[in-house]
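Okay, here's what each chain looks like letter by letter:
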Amino acid sequence: MKETRYDRSPACYQFELELEAYMEGENRPLVPAHTRECAFCRVIVKDLEALRSAALAMPREEPSPAVWSNIRAQLVATGAFAERVSLWNWVGQLDFLRRPGPVTAFACLLLLGCLVTVPRTYLEQDTAAGLSALPARTATRSMAFTGDSDALPRVVQELEETFRAREGSLAPDLKATYDNSLNSLDVSIRECSDSLQREPDNSLAHEYLLAAYSQKAQVLSSALEFGEGR
Amino acid sequence: MSQQKTAAPKAASETQLVARAQHGDEEAFAALFEMHKRRVYSLCLRMTGNTAEAEDLTQEAFLQLYRKISTFRGESAFSTWLHRLAVNVVLMHLRKKVPQQISLDEVDSSQDEPVKRDYGDNDRRLMGSVDRISLSRAIADLPPGYRMVFVLHDIEGYEHNEIAEIMSCSVGNSKSQLHKARLKLRDWLRQNEGLMTPGEPVVSDQAPTER
Amino acid sequence: MPDQSKQTEKKRGVTLYGQGLVVYLFLLSGALLAADGARSEKTFEATPNPRVTVTNMTGQILVRGWDKAQVRVVYSVVSPHVEVDTEVIPPNQPADKIHLITHLLDPLISGKDQTADYSLEVPMGTNLEIWNPQGSVRIEKLQGDDASVESVGGAILVSDFTGHLFLRSVGGNIELIRPSGRVEAYSITGDLHFVSPTTSKLRATTTSGRIFFEGDFPDGGDYSLSAYSGDMDILCPPSASFELNAKTVRGKLVNEMPMTIRRRSATPVSSANSLFGTHLTGKATVNLKSFSGTIRIRQR
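Predicted, not measured: the structure shown is a model, and the values here were computed from it.

Moving on, we come to the overall build of chain A. Check the secondary structure of chain A and you find 11 helices and 0 strands. When the helices and strands of chain A are read in sequence order from the N terminus, they spell out α-α-α-α-α-α-α-α-α-α-α. Sorting the 230 residues of chain A into buried and exposed places 35% on the buried side. Restricting the contact set of chain A to residue pairs at least 6 apart, pairs at least 24 apart contribute 71%.

Another aspect to go through is the overall build of chain B. When its secondary structure is counted, chain B shows 8 helices and 0 strands. Tracing chain B from N to C terminus, the helices and strands come up as α-α-α-α-α-α-α-α. The 211 residues of chain B split such that 40% are buried. In chain B, of all internal contacts separated by at least 6 residues, the share reaching a separation of at least 24 is 68%.

All right, on to the pairing of strand 1 (residues 38–55) of chain C then. Residues and elements named next belong to chain C. Note that strand 1 and strand 3 (residues 70–77) share 8 bridges and pair antiparallel. When the sheet's bridge partners are listed, K42 is paired in strand 3 with V73. Alignment of strand 1 against strand 5 (residues 95–104), held across 6 bridges, turns out to be parallel. Residue pairing across strands places V52 opposite I98, the latter belonging to strand 5. Here strand 1 runs beside strand 7 (residues 127–131); their pairing, made up of 5 bridges, is parallel. Looking at strand 7, one finds that V54 is bridged to I130.

On the side of chain C, 37 residues touch chain A, which itself brings 32 residues to the contact. When contributions to the side of chain A that touches chain C are tallied by element, the ones reaching two or more residues are helix 8 (125–132), helix 10 (172–198) and helix 11 (203–227) of chain A. Considering every element that reaches the side of chain A that touches chain C, the biggest residue donor is helix 10 of chain A, with 12 residues. Here the side of chain A that touches chain C is built from residues that sort into 12 nonpolar, 12 polar and 8 charged.

Counting 95 residues, the largest nonpolar core has Y208 of chain A together with V71 of chain C as the members making the most contacts within it. Take this core: its biggest share by element is 14 residues, from helix 11 of chain A. L45, A54, V87 and Y158 of chain B belong to the second-largest nonpolar core, a separate cluster that totals 66 residues.

Its 12 residues give helix 4 (residues 66–77) of chain A an end-to-end C-alpha distance of 16 Å, which sits within 8% of 16 Å, the value for a rise of 1.5 Å per residue. Following helix 4 of chain A by one or two positions, G79 of chain A has its phi on the positive side, about 80°.

The topology assignment puts E161 of chain A in helix 9 (residues 151–166). Placed 59 residues apart in sequence, E161 of chain A and L220 of chain A show a C-alpha to C-alpha distance of 9.8 Å.

Moving on, we come to the packing of helix 6 (residues 144–155) of chain B against helix 8 (residues 171–192) of chain B. Residues and elements named next belong to chain B. Interhelical geometry of helix 6 versus helix 8 gives an angle of 100° and a closest axis separation of 8 Å. In this view, helix 6 runs roughly perpendicular relative to helix 8, as classed from their interaxial angle. Here helix 6 contributes G145, Y146, V149, F150 and H153 to the contact with helix 8, which in turn contributes S174, Q177, L178, K180, A181, R182 and K184. Class assignment for the residues of the contact of helix 6 with helix 8 results in 5 nonpolar, 4 polar and 3 charged.

Residues and elements named next belong to chain B. It is at 10 Å that the axes of helix 6 and helix 7 (residues 160–167) come closest, and there the two elements cross at 140°. Regarding the angle of helix 6 to helix 7, the classification is oblique. The crossing of helix 6 and helix 7 is right-handed. For the pair helix 6 and helix 7, the contacting residues are M148, V149, L152 and H153 in the first and I163, I166 and M167 in the second. A per-class count over the contact of helix 6 with helix 7 returns 6 nonpolar, 1 polar and no charged.

Residue and element names in this part refer to chain A. Overall, the prediction assigns chain A a mean pLDDT of 73, with 65% of residues at 70 or greater. The lowest-confidence element of chain A is helix 8, averaging 38 in pLDDT; the highest-confidence one is helix 10, averaging 93. Across residues 83–99, where pLDDT falls below 50, the model places 17 contacts with residues more than four positions away in sequence or in other chains. Ignoring residues within four places in sequence, the model shows residues 118–148, a span with pLDDT below 50, making 57 contacts including any to other chains.

Attention shifts here to the environment of R168 of chain C. Residue and element names in this part refer to chain C. By the element assignment, R168 lies in strand 10 (residues 156–169). Residue R168 is classed as buried on the basis of its 23 C-beta neighbours within 10 Å. Taking C-alpha positions, R168 is 6.3 Å from S151, a pair spaced 17 residues apart along the chain.

In this section: the pairing of strand 3 of chain C. Consecutive side chains of a regular strand alternate in pointing toward one face of the sheet and then the other. All names here are of chain C. Burial along strand 3 is one-sided: the face carrying V71, V73, Y75 and V77 is buried and the face carrying Q70, R72, V74 and S76 is not. As paired elements, strand 3 and strand 6 (residues 116–123) share 6 bridges and run antiparallel to each other. Bridging from a neighbouring strand, V73 pairs with L120 of strand 6.

We now examine unusual backbone geometry. For residues that are not glycine, phi is negative in most cases, and the peptide bond is trans in most cases. Residues and elements named next belong to chain C. Following I89, the chain continues into P90 via a peptide bond in cis, with omega recorded as -5°. Tracing the sequence through the fold places P90 in the loop between strand 4 (82–89) and strand 5. One non-glycine residue, K141, adopts positive backbone phi at about 60°. Along the chain, the position of K141 falls in strand 8 (residues 137–142). The backbone phi angle of R178 is positive, close to 55°, even though this residue is not glycine. Here R178 is to be found in the loop between strand 11 (174–177) and strand 12 (180–187).

We now examine the confidence of the model for chain B. Residues and elements named next belong to chain B. Of all residues in chain B, 69% attain a pLDDT of 70 or more, and the chain-wide mean is 74. Averaged pLDDT values over the elements of chain B bottom out at 62 in helix 1 (residues 2–21) and peak at 92 in helix 3 (residues 51–68). Under a pLDDT of 50 for its full length, residues 1–9 has, in the predicted model, 7 contacts with residues more than four places off or in other chains. For this predicted complex, the interface confidence reaches an ipTM of 0.81, while the overall pTM sits at 0.56.

What counts and how
- Residues numbered from 1 in each chain as written.
- Chains lettered and ligands numbered in written order.
- Predicted model: local features only at pLDDT ≥ 70, side-chain atom pairs only at ≥ 80, totals over all residues.
- Helix = DSSP H or I, 4+ residues; strand = E, 2+ residues; numbered from the N terminus.
- Buried ≥ 20, exposed ≤ 12 C-beta atoms within 10 Å, placed from the backbone.
- Contact = placed C-beta atoms within 7 Å.
- Pairing = 2+ DSSP bridges.
- Nonpolar A, V, L, I, M, F, W, Y, C, P; charged D, E, K, R; others polar.
- Core = buried A, V, L, I, M, F, W, Y, C linked by C-beta atoms within 7 Å.
- Expected span 1.5 Å × (residues − 1).
- Axes fitted to C-alpha atoms, helices over the stretch in contact; angles between N-to-C directions.
- Parallel < 35°, antiparallel > 145°, perpendicular 65-115°, else oblique.
- Left-handed = near helix turned anticlockwise from the far one by under 90°.
- pLDDT = per-residue confidence, 0-100.

Below, the structure written as structure tokens:
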């Protein structure tokens, strides 16, 4: 039967069913095969491709400067831009401490700072390399380093408090895994701290202590991301 | 992983700006405006077809951003969160203009109507005739739900998972709406912008016959 | 009349019973259909080195390299409230990027209902990124630039991989067979097992898990293994040529390989048990550390 613009063969119906997936990049061999035989369906594909190219070429428009002026004017009128916030104020905000990302970054930089203060002869380079290989989900961001030796445990403790407040939202088996790993790390922190109390110059114990805090910060950050519904 | 290494510095500075803006830092908020103004404005312009309306909506979107930025918790990328806010501003505006418009929460499948399949021949294809003005008119004529998905995906370059997050729909829904939007645009362009240059004969070896 | 009314009652009862049975059967078939997992298969044309990402919650993920310029995905879900979103970039051309994301349509479903199992066949040069917090991951025969696998409780098994491999599982075991290139493997409570690696660089740490290493150390290789409290067993052939730096704070060091000792001490100052030595010509560097775990180096 000769095809007309009003007649569709069963192959045309099948083509229609598969066209969406084909346009999304899925391998649907029937579509190109059918367009080799059917001029009408071939035109459909060509049209859609032309449309997509034209859309892609549409320029991104720039708003006039008046837009920002109006926004700013309204915010000044409400007094919203009155206060300038210092970096110190930002660090001190409790809200900041609930964000695992910046806190982890802070913890890691404190850690690196502590490493800098330990005698170089005892430290392996791979310790710092291993610590800097943070997962993408707890990306390091740069911040000021204060060099306070009590700050790292404090930061990890605050992360843990946030985690404990939210751990109820975790699936039971996930929570169990996180709890086991945190217990393991707590044991290592205790043992290393005890060891360092007896032998303050024990570089390997020091290395393991810093690594345990860093790993604990990473584990808590990972758990908190779950808790926030990622 | 190399992609993540490349993206990390930009994401890091934006995160810092967001954090500062959340504490009222004007400079940080201005920087966020500079980073995102074109994309938000383009979205508003494509959806309204009117520069004055688009500028008003852009202003409204950023004012809402300032009011709501403290609620941003980082569950999604900031740009996705901002554009969701902008999409809601636009759809609210359109709903006020034409009350029976779609819900803000989902791309409404009740817009689904049979899409005309006009099987033209080679001479009737759109190739070469889809200019910016024609396309803008065609987009303006789309139902808002289709229009939003088309603008976000084919013009603004969002991926379906981002659109799903912005529009609170599934990725499958986004893909299906996009396909229907494209077919509707094709139909509009073929009907309204001229299928052939006047005077040219129909050259076809598959001439229509009576049913 | 009373008989008639009784009959009418009886008929009504039967009708109601019949309707109830139909409804019950309908619901039962619906439940059975819902319980039956949905399986789907998709194939995408791809470039020789695409980036493929899989984001899942729980279930098995298997990835194998093959010699076609295609990515073939077979996935199955347990619940109808779980869908797999696929995104191909760019569309309608050989893909540079393919994203596979398990999407929960109902946020209230939990546990095994969230399961999505994946089986992928990908070009050998694929770069891979997998997040599967509660499920296992298995990768075979890939030669991409890099692969990254992260889990929380799931086990990770990688065999015949060449490239930069980053593996992390908080509580799951990690096993690598014949890896080549560079490897980083981290766990807190999971065991780490390496068989016949030919990597130029290997970093592995576990806190309470154990480390097993069976194989040679290739010339120029740099190997660093750390197990805080778990035991570490190194089993290598007599032909292995390496420089050894081993130390532990409270654990034991047991060495059965003949070595030229550079320094051996249990100094009171550090209380560290350490062994620095060279086997044969010391062409590779091997650093072994523990806090309280036993480190054993044995000859195969």
